[in-house]
Amino acid sequence: MITKKVYLYFPKSETEKPIVCELIRNFDLTINIFRAKVTPEEEGYLSLEITGSEEHIEQAYEFLNTFDVVIHAGNKGLHWDSERCTHCGNCLVHCPTGALHFTDRSTRTVNFTEDKCIECLSCITNCPFGVCSSAF
Amino acid sequence: MTRTYQEINEKIASGKAVVLTAEEIIDYVDKRGLEQAAKEVDVVTTATFGPMCSSGCFLNFGHSTPKMRITEAWISDVPVYCGIAAVDVYLGATELRHNDSANMYYPGEFRYGGGHVIEDLVAGKKLQFFGLSYGTDDYPRREIRTMFDIHDLNQAIMTNPRNCYQNYNVAVNTSDKTVYTYLGILKPRMRNMTYCSAGQLSPLLNDPLYETIGVGTSVWLAGARGLVYAQGTQHCSDVERGDNDVPMEGAGTLALTGNMKEMHPEFVRGASLKGYGVSLALGVGVPIPILNPDILRRVTVRDRDIYGSVIDYSVDYPQKTGKVLAKYSYEELRSGQVELNGQKVAVSSMSSYNKALKICNLLKAEIEAGDFLLSQPSQRLPLNQGMQSLEIKGPAK
């Protein structure tokens with residue numbers, strides 16, 4: 001069993017199809033939705049974690065490719081701009097999962113581990129320097 | 001063992017000065033002993049990087065044809081102060097953009113303001129200048145709109161009334177609702193705590209009695225050669241101090257100036273503080289000459305010997321009650337968690353130790369290369385000065 005983070009973009013033509021439901025039913029996947037913004041007659045976004053066998057995930061990707069859905073593997077829903085980070089560390093207490101953390105306590109260098117991010121967006125609200133941003 | 005500024009500068013100029021950062025000096029003195037280290041070390045570099053609201057800049061635009069005496073102006077929609085000569089303006093770091101809804105939709109986002117204009121100027125970005133005037137015989141133009149960047153200005157002089165607070169409050173929120181402050185978002189029922197100091201790296205914590213940092217001291221201001229031009233506003237040296245003379249609260253401040261054309265954009269950063277407003281985060285480095293063993297002893301101050309006072313920003317700070325909930329050393333604060341009234345509280349910083357350390361090392365390299373000479377202050381900062389409150393008095397009769 002493997003777990004992958006995926007961020008999907010649904011153009012207007014695909015927003016009314018029960019795609020996630022079919023992923024669960026047909027490919028035996030465990031889906032953990034972090035964030036969704038899918039409204040009929042509009043484009044939509046879906047940020048989720050997929051757990052299943054490698055083979056099933058492969059088949060699910062093929063299934064998704066039969067639609068106009070754009071698949072972004074990895075954590076594309078939340079972006080952390082390392083160039084703009086001042087490493088003050090103020091975000092650390094606002095990040096519930098430790099995705100934002102000090103990599104080196106002696107120099108107090110902040111880093112972002114995508115895999116741990118659940119896209120709660122509290123870092124966006126908090127960061128004074130606009131280092132974190134959301135894809136949607 | 002004593003040294004003069006002149007002797008130190010001669011060593012710097014010849015490329016032989018021994019320079020350590022405020023972090024390195026701690027272990028160095030531990031190993032070598034105070035007397036021996038005082039013989040060897042010439043300069044210790046200190047630094048800080050954090051939001052400093054009392055910052056701004058004077059800009060001179062040069063004269064258009066026909067000439068104009070500008071009375072109202074905006075840079076990228078952020079108002080600037082025009083109550084000075086014809087094409088001089090002052091831009092303050094906390095100025096909001098025209099039409100910013102501020103806290104009308106609480107908490108406001110304050111995405112762009114004075115601090116961001118200053119960041120963009122230093123980064124060399126093109127900005128829009130819009131100005132109005134009533135027109136005079138010698139300055140007939142009444143309106144101007146043009147794009148410009150920092151290279152088009154005659155002068156861009158950062159002039160900050162208050163930077164480098166010696167120490168600072170540690171903020172917590174005991175109420176049942178979130179409060180939005182210049183020390184960040186404070187969650188209800190003490191779920192987090194914020195401090196804002198570079199601690200053992202911070203300039204005035206390494207010179208607690210202002211023996212070397214005074215009016216006229218050369219400083220590293222965001223990469224430019226800057227200067228302490230006065231005591232900072234709210235300089236209040238008469239406060240509670242520890243046995244090491246290090247203050248337990250705000251205390252001393254510095255008024256700094258420097259040429260923005262020489263600054264590095266990495267160390268000049270606009271800040272948007274949700275629910276509070278706009279500010280400017282700035283990097284400052286100050287060299288401390290090791291004139292005698294006593295000055296050396298003071299720069300060996302460690303985070304565990306520096307205390308910050310915890311203030312409740314839901315009641316005690318806004319209502320000015322003077323109540324202090326607790327005191328913690330910066331070592332405890334930096335650990336990321338302290339215990340207050342039996343409750344574990346997560347702690348984070350608004351000040352970047354990482355950037356302060358980087359500045360200490362950049363300044364060290366400049367001094368070692370003979371590029372940065374020290375200057376002896378022409379005036380000492382006041383030692384026993386208090387701070388007045390504003391008494392609200394009735395209308396004049």
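Up top is the structure these notes are about.
Computed from a predicted structure; not experimentally measured. (Residues numbered from 1 in each chain as written. Chains lettered and ligands numbered in written order. Predicted model: local features only at pLDDT ≥ 70, side-chain atom pairs only at ≥ 80, totals over all residues. Heavy atoms only, no water.)

The helix and strand inventory of chain A stands at three helices and eight strands. Helices and strands appear in chain A in the N-to-C order β-α-β-β-α-β-β-β-β-α-β. Taken along its principal axes, the extent of the C-alpha atoms in chain A is 50 × 35 × 20 Å. Of all 136 residues assigned to chain A, the portion counted as buried reaches 45%. For chain A, the share of sequence-separated contacts (at least 6 apart) that also reach a separation of at least 24 residues comes to 65%. As displayed, chain A has an accessible area near 6,900 Å², and 49% of this comes from carbon and sulfur atoms. (Helix = DSSP H or I, 4+ residues; strand = E, 2+ residues; numbered from the N terminus. Buried < 20%, exposed > 50% of the residue type's maximum accessible area, 1.4 Å probe, protein only. Contact = heavy atoms within 4.5 Å. Areas by Shrake-Rupley, 256 points an atom, 1.4 Å probe, with all protein chains shown as cover.)

A few words on the interface of chain B and chain A. Contact with chain B, which involves 28 residues of that partner, is made by 19 residues of chain A. The junction of chain B with chain A conceals about 1,800 Å² of combined surface from both sides, 51% of it contributed by carbon and sulfur atoms. Looking at the side of chain B facing chain A, the largest losses of area belong to Ile185, Arg269 and Asn354 of chain B, adding up to 27% of the total buried there. Counting every contact that joins chain B to chain A gives one salt bridge. For the salt bridge of Arg84 of chain A with Glu119 of chain B, the shortest nitrogen-to-oxygen distance reads 3.3 Å. Our count for the chain B to chain A interface comes out at 12 residue pairs in polar contact (both at pLDDT 80 or more). Among the secondary structure elements, those contributing two or more residues to the side of chain B that touches chain A are strand S13 (192-195), strand S17 (268-273), strand S22 (343-349) and helix H7 (353-368) of chain B. (Buried area = accessible area lost by both parts, 1.4 Å probe. Salt bridge = Lys/Arg side-chain N within 4 Å of Asp/Glu carboxyl O. Polar contact = N/O pair within 3.5 Å; in protein donor to acceptor, adjacent residues only side chain to side chain.)

As enumerated under the stated definition, the model contains 21 salt bridges over all chains in all. A salt bridge links Glu24 of chain B to Lys364 of chain B; its shortest N-O distance comes to 3.0 Å. With Glu24 of chain B in helix H2 (residues 24-32) and Lys364 of chain B in helix H7, the pair connects residues that are 340 residues apart, well separated along the chain. Exposure remark for Lys364 of chain B: the relative accessible area of 15% places this residue in the buried category. For Lys126 of chain B, the salt bridge goes to Asp149 of chain B, with nearest N and O atoms at 3.3 Å. Of the two residues, Lys126 of chain B is situated in the loop between helix H4 (114-122) and strand S7 (127-132) and Asp149 of chain B in the loop between strand S8 (143-148) and strand S9 (155-163); the sequence distance between them amounts to 23 residues. Note on Asp149 of chain B: relative accessible area 10%, which makes it buried. Put simply, Arg84 of chain A together with Glu119 and Arg269 of chain B are held in one network by salt bridges that share partners.

A word on unusual backbone geometry. All names here are of chain B. For the peptide bond that leads from Thr65 to Pro66, omega is -10 degrees, which places it in the cis range. The omega torsion of the bond from Tyr106 to Pro107 falls at -10 degrees, within 30 degrees of zero and hence cis. Mapped onto the fold, Pro107 is located in the loop between strand S6 (88-92) and H4. In the Ramachandran plot, Gln234 falls in the positive-phi region, its phi being about 60 degrees despite a non-glycine side chain. Assessed through its relative accessible area of 39%, Gln234 is described here as partly exposed. Even without being glycine, Asp245 reaches a positive phi, approximately 70 degrees. Tracing the chain through its elements places Asp245 in the loop between strand S15 (224-231) and strand S16 (254-259). Asp245 sits in the partly exposed class, given a relative accessible area of 24%.

We now examine helix H2 (residues 54-65) of chain A. Residues and elements named next belong to chain A. With 12 residues, H2 should cover 16 Å at 1.5 Å per step; its first-to-last C-alpha distance of 17 Å lies within 8% of that length. When we look at burial in H2, the residues that qualify are Ile57, Ala60, Tyr61, Phe63 and Leu64. Viewed end-on, H2 has its buried residues packed into an arc of 160 degrees, placing them on one side of the element. Of the exposed residues in H2, the ones pointing more than 90 degrees away from its buried face are Glu55, Glu62 and Asn65. (Expected span 1.5 Å × (residues − 1). Arc of directions from axis to C-beta.)

For the rest of this paragraph, the subject is the side chain of Ser218 of chain B. Residues and elements named next belong to chain B. Looking at the secondary structure, you find Ser218 in strand S14 (residues 218-221). Judged by its relative accessible area of 12%, Ser218 falls in the buried class. Setting aside anything within four residues of it in sequence, one finds Ser218 in contact with Gly226, Pro287, Phe372, Leu373 and Ser375.

This part is about the pairing of strand S7 (residues 109-112) of chain A. All names here are of chain A. With burial as the criterion, only one face of S7 is covered, namely that bearing Val110 and Phe112; the residues Thr109 and Asn111 on the opposite face remain uncovered. When strand S6 (residues 100-104) meets S7, the two strands line up antiparallel, connected through four bridges. The partner of Phe102 across the bridge, within S7, is Val110. Once S6 ends, the chain turns through four residues before running back antiparallel as S7, passing Arg108 with a positive phi of about 50 degrees. (Pairing = 2+ DSSP bridges.)

Next up on the list: H2 of chain B. Residues and elements named next belong to chain B. Taken as a whole, H2 has its buried residues at Ile25, Ile26 and Val29. Buried residues in H2, looked at end-on, bunch into an arc of 110 degrees, giving them a common side. Exposed side of H2, more than 90 degrees from the buried face: Asp30 and Lys31 are the residues found there. Looking one or two residues beyond H2, the residue adopting positive phi is Gly33, at roughly 85 degrees.

By convention here, two paired aromatic rings are described through the distance between centres and the angle between planes. As enumerated under the stated definition, the model contains 21 aromatic pairs over all chains in all. Here the aromatic rings of Tyr165 of chain B and Tyr168 of chain B are separated by 5.1 Å at their centres, their planes lie at 65 degrees, and the arrangement is edge-to-face. The exposure class of Tyr165 of chain B is partly exposed, given its relative accessible area of 22%. If you follow Arg35 of chain A out to its NZ or CZ, it ends over the ring of Phe136 of chain A, 4.1 Å from the centre. For Arg145 of chain B, the ring lying beneath its charged end belongs to Phe130 of chain B, and the centroid distance is 4.2 Å. (Phe/Tyr/Trp six-rings, centres within 6.5 Å; stacked < 30°, edge-to-face > 60°. Lys NZ or Arg CZ within 6 Å of the ring centre and 35° of its normal.)

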